[in-house]
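Residue-level listing of the chains:
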Amino acid sequence: MPRIHLLPSDLINQIAAGEVVERPASVVKELVENAIDAGATVIDVLLENGGKKLIEVRDNGHGMAHDDALLALERHATSKIAGFDDLAQVRTLGFRGEALPSIASVSHFTLTTCDGAADAAIEIECDPLTGARTSRPAARDRGTTIVVRELFENVPARRKFLKSADAEFRSIVTIVSSYALPLPSRAFRVEHNGRTVVDLPPAQTMRDRVAQIIGNEAAPYLQEIDITIDRVRASGFVTRGLRFGSRRNQFFFVNGRLVKDRVLTHAANRGAEAFDFDGHPAIVLFVDIEPDLVDVNVHPAKTEVRFRDSSSVHVAVEQGVKRALGGAEEGAELLQAAAPAPPPALFSPQRFDDAPRGYLPEFTPLFQRQSVVQPPLREQTAAIEAPLLADGPRLGDLQGRVIGQYRMSYIVIDTPTGLRLIDQHVAHERVLYDRYFDRAAEQTPVTQQLLTPILYESGAAESAVLESHLAELRVVGFDIERFSGNVFAIAAVPPELVKSDVEAFLHKLVDASLDERSHLLHVREKVCASLACQAAIKVHRPLNGEEMARLTAELLDSSNPFACPHGRPIIVDIRHLDIEKHFHRK
């Protein structure tokens with residue numbers, strides 16, 4: 001058995017980097033936090049290739065003296081805490097002293113800083129391969145500039161797990177926008193590949209800063225949250241009357257620190273769910289709590305916290321959101337878990353007075369044995385056709401007839417082996433997705449000019465996403481360009497898209513682009529899928545026989561008739577044998 005030995009310092013730093021630095025957005029997060037802690041009022045972030053090639057963060061903070069700058073690159077060197085008691089009273093964003101040495105160990109790292117007292121700034125360059133550090137005098141005003149080049153170049157196994165440049169860029173924009181929220185008096189700017197994509201000048205009020213980030217369209221709907229329960233204060237804003245398709249516009253801060261916390265998320269959305277609306281409101285929530293009541297040292301990246309009394313925090317947040325949305329407050333009984341309601345009775349015996357005494361009808365679910373057809377790939381079709389013939393007709397050789405529409409949402413087809421249900425919305429979505437994708441691949445967009453251009457105004461993060469998608473939007477039929485600031489001018493759209501649906505489509509596209517769990521990896525896929533979803537016929541829309549037959553035929557000719565681009569099933573088969581068993585005929 002190998003003997004225990006000490007790891008070399010460079011390997012220790014790379015292991016530590018794995019905890020703190022996962023991707024370019026992690027680097028930006030740590031450097032922006034340092035700039036904020038340094039009192040910077042202007043923070044610039046420059047990126048190349050989504051931060052994989054270059055990350056540069058400049059600030060006008062108080063900077064560092066020569067000796068402090070050299071010491072800052074040592075592990076666990078910090079000015080934020082001095083003893084154990086300080087750890088329970090942390091009010092700064094950074095305090096571990098791990099970020100700079102961790103980043104320097106996995107990149108070509110240069111730090112230039114000046115505290116304004118020395119005759120010159122100091123520039124320190126770190127070699128990730130040898131760990132050597134060279135310092136020299138440099139010229140710059142008071143503040144700090146950190147340049148990170150070729151992230152993970154010396155750790156190729158980690159570099160290959162990075163997402164696309166576009167995905168990494170969007171994550172960075174979200175990080176910078178999030179940190180700008182609680183600091184309206186400070187300016188933030190992001191430049192990507194030489195082009196400014198986020199420009200947030202100082203805002204006069206917190207409400208103005210929230211509108212900068214989420215979009216001016218949200219400004220009229222912002223309702224203020226302000227409630228204090230015991231030693232917990234919840235403040236911020238929630239949109240009343242405006243909902244979004246995802247929770248991308250929900251931000252939670254604890255003592256100024258951006259966090260991802262289940263208690264806060266659950267409480268805020270429970271307060272919002274008391275109002276019966278589709279979608280999710282925008283929420284910008286600040287929880288102020290005495291530092292000894294929250295532990296910020298539970299995650300290496302400081303993205304999670306642990307409350308000493310999570311129940312009181314939950315109540316304050318839920319009631320604050322509910323009150324802002326116009327709901328009545330509830331008392332402290334919310335601190336106690338509600339008893340589960342008894343399940344509703346399936347039937348009431350009093351309804352069967354005409355039946356023989358003691359008779360209770362037996363209910364058997366008709367669809368208990370239904371199966372959703374699994375989505376095979378197109379190239380696998382030949383291999384699966386033979387097994388399918390044993391259980392039912394091949395999809396490509398569908399022998400059946402359209403017999404109607406169920407609840408104006410599902411096309412019903414009578415086949416030799418049973419009934420086939422087709423979801424008309426996702427079926428049309430699949431057809432349109434293929435159409436848009438083929439147009440984009442062939443560079444043959446089809447457009448419909450608008451009589452008057454649409455001016456679409458978005459928030460800072462959303463505009464950055466749309467900016468990165470302009471080329472793909474044009475190849476599917478949009479004539480779109482940035483007009484000014486966060487406003488885009490749209491002069492033409494694909495002919496299948498109704499003008500009134502353009503705004504909803506753009507919201508849906510941004511949601512899809514920021515959803516890192518999506519199986520749609522490329523920008524073109526997300527653009528085509530979002531456009532197809534918005535342009536497709538909706539449920540609860542009546543179709544005549546010709547329309548149902550044509551849609552079914554187009555579906556059969558699509559690249560994957562079994563699933564929509566988002567992975568939802570299109571077809572459900574109900575075997576005739578199961579129907580007969582239900583009626584006790586078999």
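Since we're looking at a predicted model, the values are computed, not measured.

Turning to the nonpolar core, a few remarks are in order. Judged by nonpolar contacts, the single largest core of 64 residues is most densely connected at V28, F109 and V148. If we skip the residues at most four places from it in the chain, F109 touches L73, L100, I103, A104, I124, E125, C126, I146, V147 and V148. Counting 32 residues, the second-largest nonpolar core is a separate cluster that includes Y433, I490, L506 and A529.

Before going further, it helps to examine the pattern of salt bridges. Considering all chains together, one arrives at 29 salt bridges under this definition. Where R23 meets E168, a salt bridge forms, and the shortest distance between an N and an O atom there is 2.9 Å. Of this pair, R23 sits in the loop between α1 (9–20) and α2 (24–37) while E168 sits in helix α7 (residues 165–180), placing them 145 residues apart in sequence. Taken individually, R23 and E168 each receive the classification buried, so the pair is uniform in this respect. Across the pair R430 and D434 runs a salt bridge, and its minimum N-O distance is 3.4 Å. Here the residue R430 and the residue D434 both occupy positions in helix α12 (residues 424–442), the gap between them amounting to four residues, near one helical turn. Each member of the pair, R430 together with D434, is buried. Because the salt bridges share partners, they merge into one network encompassing K29, E30 and E33.

The next point concerns the packing of helix α13 (residues 460–475) against helix α14 (residues 502–514). Between α13 and α14, the least distance of the axes is 10 Å, while the angle of their chain directions is 100°. In terms of orientation, α13 and α14 fall into the roughly perpendicular class. Only F505, L506, H507, L509, V510, S513 and L514 of α14 make contact with α13, whose side of the interface consists of E462, V465, L466, H469 and L473. When the residues that make up the contact of α13 with α14 are grouped by side-chain class, the tally is eight nonpolar, three polar and one charged.

What follows deals with the sheet that holds strand β22 (residues 487–493). Pairing between the strands of a sheet is mediated by backbone hydrogen bonds and can be parallel or antiparallel. Across the sheet, which stays open at both edges, the three strands sit in the order β20-β22-β21 with antiparallel pairing between neighbours. Of all strands in the sheet, those with a lone pairing partner are β20 (448–457) and β21 (479–484), marking the two edges. Neighbour-to-neighbour, the strand axes of the sheet open up by a mean angle of 20°, direction not taken into account. With five bridges connecting them, β21 and β22 associate as antiparallel partners. Among the inter-strand pairings, D479 is bridged to a residue of β22, identified as A492. Sitting on the sheet, α13 touches β20, β21 and β22, and the angle it makes with β21 is about 150°. In the packing of α14 onto the sheet, the strands contacted are β20 and β22, and the crossing angle to β20 comes to about 55°.

Our focus in this paragraph is the sheet that holds strand β11 (residues 250–254). If you trace the five strands from one edge of the open sheet to the other, you get β9-β10-β13-β11-β12, paired in mixed fashion. The outermost strands of the open sheet, each flanked by one partner alone, are β9 (222–229) and β12 (257–258). As paired elements, β9 and strand β10 (residues 232–244) share eight bridges and run antiparallel to each other. If you follow I225 over to β10, its bridge partner there is G236. Each of β10, β11 and β13 (280–289) is contacted by helix α9 (residues 262–273), which is oriented at about 130° to β11, the strand it contacts most.

In this section: the environment of P128. Relative to the helices and strands, P128 is located in the loop between β4 (121–126) and β5 (133–138). It is 6.2 Å that separates the C-alpha atoms of P128 and H108, two residues lying 20 residues apart in sequence. Other than its neighbours up to four places away in sequence, P128 contacts A104, S105, S107, H108 and N154.

Below, the discussion takes up the packing of aromatic side chains. The tally for this structure, following the rule as stated, stands at four aromatic pairs. Judged by centre distance (5.1 Å) and plane angle (25°), the rings of F253 and F286 are stacked. Of this pair, F253 sits in strand β11 while F286 sits in strand β13, and the two are 33 residues apart along the sequence. For the pair F253 and F286, one class covers both residues: buried.

The set of residues buried in helix α8 (residues 206–214) consists of R209, V210, A211, Q212, I213 and I214. Two residues or fewer past α8, G215 is found with a positive phi of approximately 125°.

Looking now at the pairing of β5. Examined bridge by bridge, β4 and β5 share six bridges and lie antiparallel to one another. The residue bridging C126 from the neighbouring strand is R133, located in β5. Between the antiparallel neighbours β4 and β5 lie six residues, among them G131 with a positive phi of about 80°.

This paragraph deals with α2. Here α2 spans 20 Å end to end across 14 residues, near enough to the 20 Å set by a 1.5 Å rise per residue. Counting buried residues in α2 gives twelve out of 14 residues, a clear majority hidden from the surface. Every buried residue belonging to α2 is among P24, A25, S26, V27, V28, K29, E30, L31, V32, E33, A35 and I36, and all of these are buried. With its phi angle positive at about 80°, G39 sits one or two positions after the end of α2.

What follows is about unusual backbone geometry. Located in the positive-phi region is M408, a residue other than glycine, with phi close to 50°. For M408, the location among the structural elements is in the loop between β17 (401–406) and β18 (410–415). Given the relative accessible area of 39%, M408 is considered partly exposed. Notably, H584 is not glycine yet its phi reads approximately 60°, a positive angle. By the element assignment, H584 lies in the segment after α17 (576–582). For H584, a relative accessible area of 70% corresponds to the exposed category.

Moving on, we come to the packing of α7 against α13. Where α7 meets α13, the closest approach of the two axes is 9 Å, and the angle between their N-to-C directions is 165°. Here α7 lies roughly antiparallel to α13, going by the angle between them. The two elements α7 and α13 meet at a crossing, and its hand is right-handed. Every residue of α13 that contacts α7 at D166, F169, R170, V173 and S177 is listed here: A460, A461, A464, V465, S468 and H469. Taken together, the residues that form the contact of α7 with α13 break down as six nonpolar, three polar and two charged.

The share of residues in the protein chain with pLDDT of 70 or more is 78%, and the mean pLDDT across the chain is 80. This stretch, residues 330–397, has a pLDDT under 50; its non-local contacts, to residues over four places away or in other chains, come to 53 contacts.

Definitions and limits used
Residues numbered from 1 in each chain as written. Predicted model: local features only at pLDDT ≥ 70, side-chain atom pairs only at ≥ 80, totals over all residues. Heavy atoms only, no water. Core = buried A, V, L, I, M, F, W, Y, C linked by side-chain atoms within 4.5 Å. Buried < 20%, exposed > 50% of the residue type's maximum accessible area, 1.4 Å probe, protein only. Contact = heavy atoms within 4.5 Å. Salt bridge = Lys/Arg side-chain N within 4 Å of Asp/Glu carboxyl O. Helix = DSSP H or I, 4+ residues; strand = E, 2+ residues; numbered from the N terminus. Axes fitted to C-alpha atoms, helices over the stretch in contact; angles between N-to-C directions. Parallel < 35°, antiparallel > 145°, perpendicular 65-115°, else oblique. Nonpolar A, V, L, I, M, F, W, Y, C, P; charged D, E, K, R; others polar. Pairing = 2+ DSSP bridges. Phe/Tyr/Trp six-rings, centres within 6.5 Å; stacked < 30°, edge-to-face > 60°. Expected span 1.5 Å × (residues − 1). Left-handed = near helix turned anticlockwise from the far one by under 90°. pLDDT = per-residue confidence, 0-100.

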